Amino acid sequence: MKKTRGMAVSLSTSVTLSSGGIARVMGPARIAVRRGKVRILGIELGEGQSVVISRFRSYAVKALSDSQMDIVLGEGGSVEEPEKGEEVIDQWESVVEKVLSRDRVTLVVVGPVDSGKSTFTALVANMALSRGMEPVVIDGDVGQCDLAPPSFVAMARIEKPVLWLRELMGEYFRLVGYITPSVAPYRLLRALVELGREATHLGRVVVVNTDGWVYGYQALELKSEIARALNADYVVVLDEVVGKKLSRMLTPLGIEVITLPRPRVVRERDRDDRRYLRRQNYRRFFDGAKRICVGLDSINIAGSCVFSGEPLSEEELASIAERIGARPIMGSRHDDLVALVVERGAEPSVIPRLREAGGKDVYLIPAKARLRIVSAVLTNGSRNEYPALIDSIDPEKGLCLYTKYGGEVRSVIVGRVRISEEWEEVGKPMKCVI
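Residues numbered from 1 in each chain as written. Predicted model: local features only at pLDDT ≥ 70, side-chain atom pairs only at ≥ 80, totals over all residues. Heavy atoms only, no water.

Asker: Is there a simple way to explain the layout of surface pockets in this structure?
Answerer: Once rolled over the atoms, a probe with the size of a water molecule shows which space is left empty. For the largest pocket, the calculated volume is near 730 Å³. Along the walls of the largest pocket sit 41 residues, with V113, D114, K117, R269 and R274 positioned nearest its centre. Contributing elements (two or more residues each) for the lining of the largest pocket: strand 8 (58-63), helix 1 (89-99), helix 2 (117-130) and helix 6 (271-286). Taken together, the residues that form the lining of the largest pocket break down as 16 nonpolar, eleven polar and 14 charged. (1 Å grid on protein atoms, 1.4 Å probe; cavity = no way out; pocket = protein on both sides within 12 Å on 5 of 7 lines; lining within 4 Å. Points joined across faces, edges and corners; volume = space filled by probe spheres on them. Helix = DSSP H or I, 4+ residues; strand = E, 2+ residues; numbered from the N terminus. Nonpolar A, V, L, I, M, F, W, Y, C, P; charged D, E, K, R; others polar.)

And the structure:
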């Protein structure tokens, strides 16, 4: 089989595989089985069945019998016969068979960026599903979470085979607030532990996909603590060097570390691809959401500097107003800062060490300005943290936000990521966004 690549115009090709043969397909592509039977990521496809592969994904297609496939390739897609050792699906499936030999199992998947973590996670889920083992997936990658907007981690039950976890929507969410795990590892750990507790009640196989931060001691310590806190039975590492290090950290604690090779040829995603995927997930969860406003006296706001400190008096607000050039509507004091909601201004800002504020930094949050802070609402009667987008603080209307949650909103947890109307992240995370 020669390598065939899609051009600007879609290209159709026919591929024949002998039983046991493997083809590597990089998306965008559509595969239709004309005869025989093939397996892709634990999903078996027979005559007349088809599947679509995203332009961001690549998969090994293995023939379970002599087979013929019709493949339509989009621009940038390709199909080729891998060289010996390039595809690792047989080794992966063998390890999954071992892992699933237990009646109940918790597995944590670790590896660098573009090492195949989410692909391996889907493989475990699909193979567990075929055995009736009720798989549950936790996506712990705050930067590229497939089940939730960026800055969240999420959990979903797998009830049908999936090629890409992005085909699913999360059922349970936890807000971490940042898209970089190193900024708030304690928040990430807390979120994963809470989701893990829920997952063990919902399924017999719990698979935890982690982010690609694995280099340096702090990164490895976090992955080790995640495995320990979740009482993992196995940690599968898709990198030999990282696997050896984690094995030395976890084996003495009774957690088996399995190191697997990653595919030598993968569909790599550059920075622009990752930014695009984050935009798409913001859009998926917030586009079309309903705007609601809740009175400030009837809602609990967590993670806010303005609403959690010691309220400032009218005299203190008036004193500060002379220096900042705007009239504060409300404000509060903390040991290390002062936070104010002011009448005008286009963007949140900070004034360093203002004397009238006792030498503390002063954070200014403009009233009625479009803030667009990725946050969460606590759903009524449960602890699920459903995605929301804080729009503005309006002195008359209260806290205004967008969310697809349809119940009564009693509490909001404020995140640290702001996005534009074009779903792009804007600015650096601030200590006080409100």
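And the narrative resumes.
Asker: Which parts of the structure should I look at to understand the pattern of salt bridges?
Answerer: Should their charged atoms come close, side chains of opposite charge can pair. For the structure on display, the rule yields 37 salt bridges. Across the pair K62 and D90 runs a salt bridge, and its minimum N-O distance is 2.6 Å. One end of the pair, K62, is in strand 8; the other, D90, is in helix 1, and 28 residues separate them in sequence. Among the ionic pairs, R327 bridges to E343, the shortest N-O distance being 2.9 Å. (Salt bridge = Lys/Arg side-chain N within 4 Å of Asp/Glu carboxyl O.)

Asker: Help me understand helix 5 (residues 240-250) in this model?
Answerer: Among the residues making up helix 5, those that are buried are V242, G243, L246 and L250. Each buried residue of helix 5 sits inside an arc of 100 degrees when the element is viewed along its axis, so together they form one side. Set apart from the buried face of helix 5 by more than 90 degrees, the exposed residues are E240, V241 and R248. Packed against the buried residues of helix 5 are strand 11 (105-110), helix 4 (217-229), strand 16 (234-237) and strand 17 (256-259). (Buried < 20%, exposed > 50% of the residue type's maximum accessible area, 1.4 Å probe, protein only. Arc of directions from axis to C-beta. Contact = heavy atoms within 4.5 Å.)

Asker: Help me out: how do you make sense of the state of the cysteines in this one?
Answerer: Put plainly, a disulfide is one covalent bond tying together the sulfur atoms of two cysteines. Enumeration over the complete set of coordinates arrives at two disulfides. Covalent S-S linkage joins C293 and C400, the inter-sulfur distance amounting to 2.1 Å. In this structure, the disulfide formed by C293 and C400 twists by about 105 degrees around the S-S bond and is classed as right-handed. In this pair, C293 sits in strand 18 (residues 290-294) while C400 sits in strand 27 (residues 398-403), placing the two residues 107 residues apart along the sequence. Its relative accessible area of 0% is what places C400 among the buried residues. Disulfide partner of C305: C432, at an S-S distance of 2.0 Å. In this structure, the disulfide formed by C305 and C432 twists by about -80 degrees around the S-S bond and is classed as left-handed. Separated by 127 residues along the polypeptide, C305 in the loop between strand 19 (300-302) and strand 20 (310-311) and C432 in the segment after strand 28 (411-418) bring together distant segments of the chain. We classify C305 as buried; its relative accessible area is 9%. The buried category is assigned to C432, whose relative accessible area is 1%. Looking at the protein, its bonded cysteines, counted consecutively from the start of the sequence, adopt the pairing 1-3, 2-4. (Disulfide = S-S within 2.5 Å.)

Asker: Mind showing me how you'd approach the nonpolar core here?
Answerer: Soluble globular proteins tend to pack their nonpolar side chains together in the buried interior. Judged by nonpolar contacts, the single largest core of 77 residues is most densely connected at I31, I40, I71, L107 and F120. The next biggest cluster of nonpolar side chains, apart from the first, holds 29 residues, and it includes V136, I138, A199 and V214. (Core = buried A, V, L, I, M, F, W, Y, C linked by side-chain atoms within 4.5 Å.)

Asker: Sorry, what's going on with the sheet that holds strand 25 (residues 373-378) here?
Answerer: The pairing of strands in a sheet happens through backbone hydrogen bonds and is either parallel or antiparallel. The strand order across the open sheet formed by six strands is 18-27-26-25-28-19, and the pairing between neighbours is mixed. Lying at the two open borders of the sheet, with one neighbouring strand each, are strand 18 and strand 19. The mean angle between the axes of side-by-side strands here comes to 35 degrees, regardless of whether they run parallel or antiparallel. By the bridge criterion, six bridges tie strand 25 to strand 26 (residues 385-394) in an arrangement that is antiparallel. Looking across to strand 26, one finds that L378 is bridged to E385. (Pairing = 2+ DSSP bridges. Axes fitted to C-alpha atoms, helices over the stretch in contact; angles between N-to-C directions.)

Asker: Hey, could you run me through the sheet that holds strand 7 (residues 50-53) in this one?
Answerer: Pairing within the open sheet is antiparallel, and its four strands lie in the order 2-9-4-7. Each having just a single partner strand, strand 2 (11-17) and strand 7 make up the two edges of the open sheet. Sheet twist, expressed as the average angle between the axes of neighbouring strands with direction ignored, equals 20 degrees. Both strand 2 and strand 9 (residues 67-73) contribute to a ladder of seven bridges, which runs antiparallel. Bridge pairing in strand 9 places V15 opposite M69.

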